[in-house]
Amino acid sequence: MSVLRTAGAVTAALVLSGLSGCATAPSGPALPTTERARDDLIRSAQQVLVSRCLADQGLSTTGPRPASPTEGRRLQAALFGTGPAELSLTLHGGHTVSAHTDGCLASAQRALYGDQRRWFRAQVTYNNVRAEVGARMRTDPAHRAALARFTRCTASSTAGHCARESGLADVEARLEPARLAEVRALRRDQLDAYTRLRTRALHRATELSSAHLQRNTTEKGFPTP
């Protein structure tokens, strides 16, 4: 299926409090300082937004499974959207990734990133950098020759041994830095957009995290800090 579905974002636990690696800023909520904590925060904020959107339609991704195939399809449609995908991007290798602009996941992405279309293109490009680097390396004659030796070797030995014996590991170590710089230069606009939009989402997720935690604290009868 070509529709881009960030499944981890809709099944992750709500870990809006207790994130490790956070430093308290002089003003405003705590900001994560590690990439893993930032990813967790954004995913969790997205989950909150998705859950609220589904709840408004009497749906949820938690609890009992849908009672019937019809209910299951209704949940999928509410979550991922319906009809032909409105967003698509064909990658360097020819594979096309697509996504919907309707549905709760799309709505959550707009709330976090501001511009879903720009985020879609930037994220898909970012996620495909390593694959594009690999594809470009495979066009090099030295890589093709080493890969052929590697393939013959694997018929009678392990991949790790063959990568060294064939010289493939050495060839890739030599080619990769230049190819990576090449891809980064070619995709600079999208990679810069990825950084900007992810930073926006991080700040928005931090605000949502603080509001969510404060609301839960109040609802449970604990004093607000």
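Before reading further, recall that the structure is shown in the block above.
Parameters at a glance
Residues numbered from 1 in each chain as written. Predicted model: local features only at pLDDT ≥ 70, side-chain atom pairs only at ≥ 80, totals over all residues. Heavy atoms only, no water. Helix = DSSP H or I, 4+ residues; strand = E, 2+ residues; numbered from the N terminus. Buried < 20%, exposed > 50% of the residue type's maximum accessible area, 1.4 Å probe, protein only. Areas by Shrake-Rupley, 256 points an atom, 1.4 Å probe, with all protein chains shown as cover. Phe/Tyr/Trp six-rings, centres within 6.5 Å; stacked < 30°, edge-to-face > 60°. Disulfide = S-S within 2.5 Å.

### Things to note about the overall build of the chain
Across its full length, the chain holds 10 helices and four strands. Each helix and strand of the chain, placed in order from N terminus to C terminus, yields the pattern α-β-β-α-α-β-β-α-α-α-α-α-α-α. For the chain, with 225 residues in total, the buried portion stands at 36%. When the accessible surface of the chain is summed, it comes to about 13,100 Å², and 52% of that surface belongs to carbon and sulfur atoms.

### A few points about the packing of aromatic side chains
Under the criterion given, the structure shown has three aromatic pairs. Relative to Trp-119, the ring of Tyr-113 has its centre 3.8 Å away and its plane inclined at 10 degrees; by these criteria the two rings are stacked. The exposure class of Tyr-113 is buried, given its relative accessible area of 6%. On the accessibility criterion, Trp-119 (3% relative accessible area) is buried. Note on Tyr-126 and Tyr-194: the rings are 3.9 Å apart at their centroids and 5 degrees apart in plane angle, and the pair reads as stacked. Residue Tyr-126 is located in helix 5 (residues 116-127), and its partner Tyr-194 is located in helix 10 (residues 188-219); the two are separated by 68 residues in the primary sequence. We classify Tyr-194 as buried; its relative accessible area is 13%. Members of the aromatic cluster, connected to one another through ring pairs, are Tyr-113, Trp-119, Tyr-126 and Tyr-194.

### Describing the state of the cysteines
Applying the stated rule across the entire model yields two disulfides. Each sulfur in the disulfide pair Cys-53 and Cys-104 lies 2.1 Å from the other. For the disulfide bridge between Cys-53 and Cys-104, the dihedral angle about the S-S bond is near -75 degrees, and by the sign convention the bridge is left-handed. Taken together, the residues Cys-53 in helix 2 (residues 35-55) and Cys-104 in helix 4 (residues 104-113) connect sequence positions 51 residues apart. The partly exposed category is assigned to Cys-53, whose relative accessible area is 21%. On the basis of relative accessibility, which here comes to 0%, the residue Cys-104 falls in the buried class. Each sulfur of the disulfide joining Cys-153 and Cys-162 lies 2.1 Å from the other. Its S-S torsion of approximately -80 degrees makes the covalent link between Cys-153 and Cys-162 left-handed. The exposure class of Cys-153 is buried, given its relative accessible area of 15%.

The analysis is restricted to geometry; functional conclusions fall outside its scope.
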